[in-house]
Amino acid sequence: MNFDLITENGTLWAVRYDCCLDNVLDTILDQWNDVVWLRSFFKQNMDDLASYFKITDVNQAIYDTIEDSDRLQCLILDISPDANLDRIFRPLENDRISEMLLGKEKARLRNTHCHASWLRIYAIKLEPGIYIITGGAIKLTRTMQEREHTLVELARMEKVRNFLLDNDIVDFDSFNDYLKEIR
């Protein structure tokens, strides 16, 4: 498992899993802009799209995804150095009210034009304002436990969190120490 720096100020990182050439942020953004991949995904998940979002037109779902992906990418990547990532990422569990060590977080668009955004970027919070992206998904159900592709993302977050804990990484200083050791 490797970690790619996303923002120059060191506040945002993305996991590059051992079996992958790209980090997870590049991978999900590519998928969310790939019409062929999106068409296949929405056809496989049409029941969820129709029941939860009341959308039955695959082309509309593709268009909305690409539009939301562009907006989310701008929000994540075009962030100013003094921006607060804590305003973008929120606790994964909607009812969590306190901080936790290496908390699981999610980012999504808040203001969309016709329906809630189904795009999610998942991350581990090293400390306030500093995140490691572990993956992302198109979430078409109320909970992540309802579908295999979102369960995979939950497992990835847990895998990264366990990796960090196993390597005594509990904050940004220990993360930097780890990065220095492996280089």
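Residues numbered from 1 in each chain as written. Predicted model: local features only at pLDDT ≥ 70, side-chain atom pairs only at ≥ 80, totals over all residues. Heavy atoms only, no water.

A. Spotlight on the environment of Asn 45. Following the sequence through the fold, Asn 45 ends up in the loop between α2 (35-44) and α3 (46-53). Along the chain, Asn 45 and Arg 16 lie 29 residues apart, while their C-alpha atoms are 27 Å from each other. Leave out the neighbours within four places in its chain, and Asn 45 touches Leu 140 and His 149. A distance of 2.8 Å separates a polar atom in the side chain of Asn 45 from the backbone oxygen of Phe 41. (Helix = DSSP H or I, 4+ residues; strand = E, 2+ residues; numbered from the N terminus. Contact = heavy atoms within 4.5 Å. Polar contact = N/O pair within 3.5 Å; in protein donor to acceptor, adjacent residues only side chain to side chain.)

B. Layout of the nonpolar core. Core analysis: the biggest nonpolar cluster contains 49 residues, and Phe 3, Phe 42, Phe 89, Trp 118, Ile 121 and Leu 164 have the highest contact counts within it. Once you skip the residues sitting within four places of it in the chain, Ile 121 turns out to touch Leu 25, Ile 28, Trp 32, Leu 72, Ile 76, Phe 89, Glu 105, Lys 106, Ala 107, Ile 133, Gly 135 and Gly 136. Tyr 122, Ala 137, Met 144 and Met 157 belong to the second largest nonpolar core, which has 6 residues in total. (Core = buried A, V, L, I, M, F, W, Y, C linked by side-chain atoms within 4.5 Å. Buried < 20%, exposed > 50% of the residue type's maximum accessible area, 1.4 Å probe, protein only.)

C. Quick peek at α2. Burial in α2 covers these residues: Leu 38, Phe 41 and Phe 42. Seen from one end, α2 has its buried residues packed into an arc of 90°, which puts them on one side. Relative to its buried face, α2 has exposed residues pointing more than 90 degrees away, namely Val 36, Lys 43 and Gln 44. On its buried side, α2 packs onto α1 (24-31), α3, α4 (58-77), β6 (130-138) and α5 (148-166). Its side-chain oxygen at 3.0 Å from the backbone nitrogen of Val 36, Asp 34 defines the N-terminal cap of α2. (Arc of directions from axis to C-beta.)

D. The confidence of the model for the protein, seen in detail. When the pLDDT values of the protein are averaged, the result is 92; 93% of them are 70 or greater. Averaged over each element, pLDDT in the protein is lowest for strand β3 (residues 89-91) (90) and highest for α2 (98). (pLDDT = per-residue confidence, 0-100.)

E. Layout of the environment of Arg 142. Looking at where Arg 142 falls in the secondary structure, it is placed in the loop between β6 and α5. For Arg 142, a relative accessible area of 61% gives the class exposed. Sequence separation between Arg 142 and His 115 is 27 residues; the distance between their C-alpha atoms is 14 Å.

F. Quick peek at the sheet that holds strand β2 (residues 12-16). Pairing is mixed in the open sheet, where 6 strands are placed in the order β1-β2-β6-β5-β4-β3. Both edges of this open sheet fall to β1 (2-5) and β3, since each of them pairs with a single strand only. For this sheet the average axis-to-axis angle between neighbouring strands, irrespective of direction, equals 40°. By the bridge criterion, 3 bridges tie β3 to strand β4 (residues 103-107) in an arrangement that is antiparallel. Across the sheet, residue Phe 89 finds its bridge partner in β4, namely Ala 107. (Pairing = 2+ DSSP bridges. Axes fitted to C-alpha atoms, helices over the stretch in contact; angles between N-to-C directions.)

G. Examining α3 more closely. Asp 48, Leu 49 and Phe 53 are the residues of α3 that are buried. Along α3, the residues classed as buried sweep out an arc of 100° about the axis, all on the same side. Elements that come into contact with the buried residues of α3 comprise α2 and α4. At the C-terminal side of α3, Lys 54 shows a positive phi close to 60°.

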